[in-house]
Amino acid sequence: MGSGQVTDWQGKNVTVAGLGVSGVPAARALHGLGANVTVVNDGDDPRAREQAAALEALGVTVRLGDGDTLPDGTELIVTAPGWRPDKPLFAAAEAAGVPVWGDVELAWRLRKPDAAPWLAVTGTNGKTTTVQMLASILKAAGLRTAAVGNIGVSLLDAVLGEEEYDVLAVELSSYQLHWAPSLRAHSAAVLNLAPDHLDWHGSMEAYARDKGRVYEGNRVACVYNVADKATEDLVREADVEEGCRAVGFTLGTPGPSQLGVVEGILVDRAFVEDRHRNAQELAEVSDVRPPAPHNIANALAAAALARAYGVPASAVRDGLRAFTPDAHRIAHIADVDGVAWVDDSKATNTHAAEASLAAYESIVWIAGGLAKGAAFDELVAASAKRLRGAVLIGRDRALIREALARHAPEVPVVDLDRTDTGAMLQAVQEAQRLARPGDTVLLAPACASMDMFANYNKRGDAFAQAVRELGA
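Residues numbered from 1 in each chain as written. Predicted model: local features only at pLDDT ≥ 70, side-chain atom pairs only at ≥ 80, totals over all residues. Heavy atoms only, no water.

1. Looking at the environment of L416
Line of reasoning, step 1. Note that L416 resides in the loop between strand 19 (413–415) and helix 16 (423–434).
Line of reasoning, step 2. Taking the C-alpha atoms as reference points, L416 and V391, separated by 25 residues in sequence, lie 7.3 Å from one another. (Helix = DSSP H or I, 4+ residues; strand = E, 2+ residues; numbered from the N terminus.)

2. Observations concerning the sheet that holds strand 19
Adjacent strands of a sheet pair through backbone hydrogen bonds, lying either parallel or antiparallel.
Line of reasoning, step 1. Within the open sheet, the 6 strands sit side by side as 15-16-20-17-18-19. Their pairing is mixed. The sheet is open, and its two edges are formed by strand 15 (331–336) and strand 19, each paired on a single side. On average, each strand axis in the sheet is inclined to that of its neighbour by 15°, with strand direction left out of account.
Line of reasoning, step 2. Relative to strand 18 (residues 387–392), strand 17 (residues 363–367) runs parallel, the two sharing 5 bridges. (Pairing = 2+ DSSP bridges. Axes fitted to C-alpha atoms, helices over the stretch in contact; angles between N-to-C directions.)

3. Some words on the pairing of strand 10 (residues 221–225)
Each regular strand shows side chains that alternate between the opposite faces of the sheet.
Line of reasoning, step 1. Most of strand 10 is tucked away: 5 of the 5 residues are buried.
Line of reasoning, step 2. In this structure, strand 9 (residues 187–190) lies alongside strand 10, joined through 3 bridges in parallel fashion. Each residue of the ladder has a partner; that of S187, found in strand 10, is A221.
Line of reasoning, step 3. Looking at chain direction, strand 10 and strand 11 (residues 245–249) are connected through 5 bridges and run parallel. Paired with A221 across the two strands is R245, which belongs to strand 11.
Line of reasoning, step 4. A crossover connection joins strand 10 to the parallel strand 11 through helix 10 (residues 229–237); in handedness this β-α-β unit is right-handed. (Buried < 20%, exposed > 50% of the residue type's maximum accessible area, 1.4 Å probe, protein only. Right-handed = clockwise from strand over helix to strand, strands pointing away.)

4. Overview of helix 3 (residues 88–96)
Line of reasoning, step 1. Among all positions in helix 3, only L89, F90 and A93 are buried. The buried side chains of helix 3 occupy one side of the element, clustering within an arc of 90° when seen end-on. Turned more than 90 degrees away from the buried face of helix 3, the exposed residues are E94 and A95.
Line of reasoning, step 2. Contacts made by the buried residues of helix 3 are with strand 1 (13–17), strand 2 (36–41), strand 4 (76–79) and strand 5 (100–102).
Line of reasoning, step 3. Downstream of helix 3 by a residue or two, G97 has a phi angle that is positive, lying close to 70°. (Arc of directions from axis to C-beta. Contact = heavy atoms within 4.5 Å.)

5. Concerning the packing of helix 1 (residues 20–32) against helix 2 (residues 46–58)
Working note: a packed helix pair is described by the angle between its axes plus the distance between those axes.
Line of reasoning, step 1. The N-to-C vectors of helix 1 and helix 2 enclose an angle of 5°; their axes lie 11 Å apart at closest approach. Considering the angle they form, helix 1 stands roughly parallel to helix 2. Each of G20, V24, A27, R28 and H31 in helix 1 lies in contact with helix 2, whose residues at this interface are Q51, A54, L55 and L58.
Line of reasoning, step 2. Partitioning the contact of helix 1 with helix 2 into residue classes produces 5 nonpolar, 3 polar and 1 charged. (Parallel < 35°, antiparallel > 145°, perpendicular 65-115°, else oblique. Nonpolar A, V, L, I, M, F, W, Y, C, P; charged D, E, K, R; others polar.)

6. Concerning helix 16
Line of reasoning, step 1. Across its 12 residues, helix 16 extends 17 Å between first and last C-alpha, which sits within 8% of the 16 Å expected from 1.5 Å per residue.
Line of reasoning, step 2. Among all positions in helix 16, only A423, M424, A427, V428, E430, A431 and L434 are buried. Buried positions in helix 16, seen along its axis, are confined to an arc of 165° and lie on one side of it. (Expected span 1.5 Å × (residues − 1).)

7. Looking at the nonpolar core
Line of reasoning, step 1. Core analysis: the biggest nonpolar cluster contains 54 residues, and L30, V39, L106, W118, L168, L172 and Y215 have the highest contact counts within it.
Line of reasoning, step 2. With 5 residues, helix 4 (residues 103–110) is the single largest residue contributor to this core.
Line of reasoning, step 3. Dropping the residues within four chain positions of it, W118 is found in contact with V104, A107, W108, R111, L155, V159, L168, V170, L183, A185, H186 and S187. (Core = buried A, V, L, I, M, F, W, Y, C linked by side-chain atoms within 4.5 Å.)

8. Here's the deal with the side chain of D287
Line of reasoning, step 1. Among the structural elements, D287 can be located in the loop between strand 14 (280–284) and helix 11 (293–308).
Line of reasoning, step 2. Overall, the relative accessible area of 8% leaves D287 in the buried class.
Line of reasoning, step 3. Within polar-contact distance, the side chain of D287 engages the side chain of R321 at 2.8 Å.
Line of reasoning, step 4. If sequence neighbours within four positions are ignored, D287 has contacts with R317, L320 and R321. (Polar contact = N/O pair within 3.5 Å; in protein donor to acceptor, adjacent residues only side chain to side chain.)

9. Structural notes on the sheet that holds strand 8 (residues 168–171)
Line of reasoning, step 1. Taking strand neighbours across the sheet as the criterion, the 9 strands line up as 7-8-6-9-10-11-12-13-14 in an open arrangement whose pairing is mixed. Bordering the open sheet on either side are strand 7 (147–149) and strand 14, each of which pairs with just one other strand. Looking at each pair of strands side by side, their axes are set apart by 25° on average, direction ignored.
Line of reasoning, step 2. As defined by bridge partners, strand 13 (residues 265–268) adjoins strand 14 across 4 bridges and the pair is classed as antiparallel. Looking across to strand 14, one finds that V267 is bridged to E281.
Line of reasoning, step 3. Across the sheet, helix 11 is in contact with strand 6 (118–122), strand 9, strand 10, strand 11, strand 12 (258–262), strand 13 and strand 14; its angle to strand 12 comes to roughly 135°.
Line of reasoning, step 4. Taken strand by strand, helix 12 (residues 313–322) contacts strand 13 and strand 14, and its axis lies near 10° from that of strand 14.

The values reported here are purely geometric and, on their own, carry no functional implication.
In structure tokens, the structure reads:
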């Protein structure tokens, strides 16, 4: 089970750690290849039982409620990306000399010999949007592609399915990269680095190290964020193929080997002849939707990866124009009495919220939820001058309230002491009371949603519904 392709899975004893969106496809795929598959899962709830019954009907063994014990005879573990590295199961595997792969590693190893290359994207924020923009650009160039990984088509389905691809746009989380030691992308981008998931990784250094794995073995370009030195540092540390280049993206005027913005035009000074003298126009800022600063950065990163693959400039423009952002990402819901209402429920950490807040001049901010170990001082200090008021909801709202008291003491704050889903309607009503014509009421919680809602989508839906009730 060392490096390289595993061609004969017949009779291999493989343990799949975790059911869910990656575990079930992994168990099915491995069983289909002839492996003896055992699935272990921490939970024993109705959903898990339903998934277990479907797998057991195929001949897969499933052990519910026992995710920490290593099954006898295990030769390989394939883990769901969210399982923390410090779980007893992995300590037992290490002691027994059993390798641990993630779903991405499994997909990488199962690729056909002439498989489509991967253009990979990671970062604390903007991954999904960038990968979707990238796929849109590649399609505009007439290439067969898909947005895969954390989104869209599962990576396993993409590499094992019947459909033939020219190139794949791959979103990768730090969790997935942690468990994918042999991944080697054609080109890759780290969009940004900010504290997130530190409870999982254990430290900022470990988190950055896992993000940086995306650059290992890159062939053509390592794309980094000029405004975020930590991403460039990861490029310097990466062991890449000879001839692979560092390519920066910036919201300012680009230098040689960079993409950037000049007088409202996205320009390329990396993938042109004589990049010291020449620049190629790619698109206009107005082709990016929405044209918020962080989203222009996403577009530049997507363009850089597409250009690394050899896509013409016209496809960048056409692909960006054809791209439609997902719901709950700076989505304009309505204008009510001169106040704009914007849903950025996807801003589940401080870095995403700061980017969102930077897009507006005068804001009533709705924030709060599960902090995931985050601190809010930098976010509030950076955004204080834009705040008309703040309405706080969710379990960890006191952390934001205290940061506001320290860095924006003059900003009026409404602290809603409730975590039921109905709190959103009250939050919207309080925000309406604070807002003035010309303001934007922005849901950018800077926190996860699970204290009150099933996910950030449901939180955004509740916000949009409450706004519609205002305007009714």
